[in-house]
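So you can see what is in the structure, the chains are spelled out below.
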Amino acid sequence: MRAKKHISKGKMKNQINDFVNLIDLLEENKKFPYYAAERRIDLFISYYIEQILSDYFNKPVKFVAPEFPIKHDTNNQANKADILCVFPSSKQPIIVEIKTDQTSFKSTQLGKYVHSTQNWHQVIGGLRKIVEKSKSDYRVKYFHLVQNLVKNEVARFSSDNQLLVNEIVKLKDCSSKKGKGERSRKIIRLVKTLEAQWSREAIVLYIAPDTTIEKVDEKYKKMDSVHFLRFSDIRIPDPHISESYHRFVSFMHKIA
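Residues numbered from 1 in each chain as written. Predicted model: local features only at pLDDT ≥ 70, side-chain atom pairs only at ≥ 80, totals over all residues. Heavy atoms only, no water.

1. Points about the packing of aromatic side chains
Applying the stated rule across the entire model yields 10 aromatic pairs. With a centroid separation of 4.8 Å and 80° between ring planes, the pair formed by Tyr 56 and Phe 57 is classed as edge-to-face. Using a relative accessible area of 16% as the deciding quantity, one classes Phe 57 as buried. Ring centres of Phe 105 and Tyr 206 lie 5.6 Å apart, and the angle between their planes is 75°; on these two criteria the pair is classed as edge-to-face. Within this pair, whereas Phe 105 is found in the loop between strand S3 (93-98) and helix H3 (107-116), its partner Tyr 206 is found in strand S6 (residues 203-208), the two being separated by 101 residues in sequence. Tyr 206 shares its class with Phe 105; the two are buried. Aromatic ring contacts, followed pair by pair, group Tyr 47, Tyr 48, Tyr 245 and Phe 248 into a single cluster. The ring of Phe 87 has Lys 59 lying over it, and the distance from NZ or CZ to the ring centre is 4.3 Å. (Phe/Tyr/Trp six-rings, centres within 6.5 Å; stacked < 30°, edge-to-face > 60°. Buried < 20%, exposed > 50% of the residue type's maximum accessible area, 1.4 Å probe, protein only. Helix = DSSP H or I, 4+ residues; strand = E, 2+ residues; numbered from the N terminus. Lys NZ or Arg CZ within 6 Å of the ring centre and 35° of its normal.)

Structural data, given as C-alpha cells:
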C-alpha cells in the first residue's frame, strides 16, 4: 500500500472504524437497483492496488495514475483505463480495469486495450497528441500526469528538461490569461520530449467478479499479456495486515 502519514493510535482506531463503516455502507447500497457501485468500489481498490497486485504477481507493483488516457487510432479521443501501475524492476506498465458486474464488462473494450497497448511507444505518442489537442486550462492536469509517469519511470524526457519543469511549476497556480497561456505553451514544449521507458506491450489486467471472468472469450485468457483477477482470489497474504484491509477483502469476496 502507499505510504501514509503517522497518526496516533486513537485517531487510527477511529479511521479504521470509519473505513469499515464505509465498506458496510457500500455493501448495503449495492443492493439498490440504480446504485453505481463500480465508481465507489474502484476508489477502495485504488487505495489497496499496490498490495493487491504485488501479491497477485508476487513482485512489487507501484501505482502511477487513475483514469489513464489511451488514444484512439483514428482521432484524439481516448479510452480511460481505470488505473495505471508499473513494475518498478522492469518498468513494464500495467493497465488495470475494474468491473463490478457482468453488464459493465465489454469484450470490445478489452480488445481495444489489447490492440492499443501492444507497443508502449505508441501509447506515449498518443498521449503527446492528446495533450497538444487538449483545452489550454486542462493541460495543467496533464502536466501532473506526465510528472507521475516520469517519476515512476513509465516514461522519460528525451533531454534534460528540469529547467522547463521548474518554470511550469512556478506557473502552475497562475490565474492570469497571460500566465495561463505561457504555462500552456511550456507544457506542450515539455510533452513533445516525452518518450516511453518501456518499448514492448503493457500488461492488461481486469479485476472482476468470478461470473464476469468466466464469460470472457478464451482467446484473451490464453494471452500472456492479459490477466484476470477474480474478486474471490484477492488474498490476505499476511494475517497481521490491517483490520481495514481484512474488511475490504471480506467485502470483495462477498460480491464475487
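2. Points about the side chain of Ser 134
By the secondary structure assignment, Ser 134 is in the loop between helix H4 (120-133) and helix H5 (139-151). Looking at Ser 134, its side chain comes within polar contact range of the main-chain oxygen of Val 131, at 2.6 Å. Excluding anything up to four places from it in sequence, Ser 134 contacts Arg 139 and Tyr 142. (Polar contact = N/O pair within 3.5 Å; in protein donor to acceptor, adjacent residues only side chain to side chain. Contact = heavy atoms within 4.5 Å.)

3. A closer look at the sheet that holds S3
Taken in spatial order, the five strands make up an open sheet running S1-S2-S3-S6-S7, and their pairing is mixed. Across the chains shown, the open sheet's two edge strands, defined by having one partner strand only, are strand S1 (62-71) and strand S7 (226-230). With direction set aside, neighbouring strand axes in the sheet form an average angle of 30°. Strand direction decides the pairing type here: S6 and S7, joined by five bridges, are parallel. Looking at the pairing, Tyr 206 lines up with Phe 228 of S7. Along the sheet face, H4 touches S1, strand S2 (78-86) and S3 and points at about 70° away from the line of S1. In the packing of H5 onto the sheet, the strands contacted are S1 and S2, and the crossing angle to S1 comes to about 125°. (Pairing = 2+ DSSP bridges. Axes fitted to C-alpha atoms, helices over the stretch in contact; angles between N-to-C directions.)

Geometric descriptors of this kind do not, in isolation, establish any biological role.
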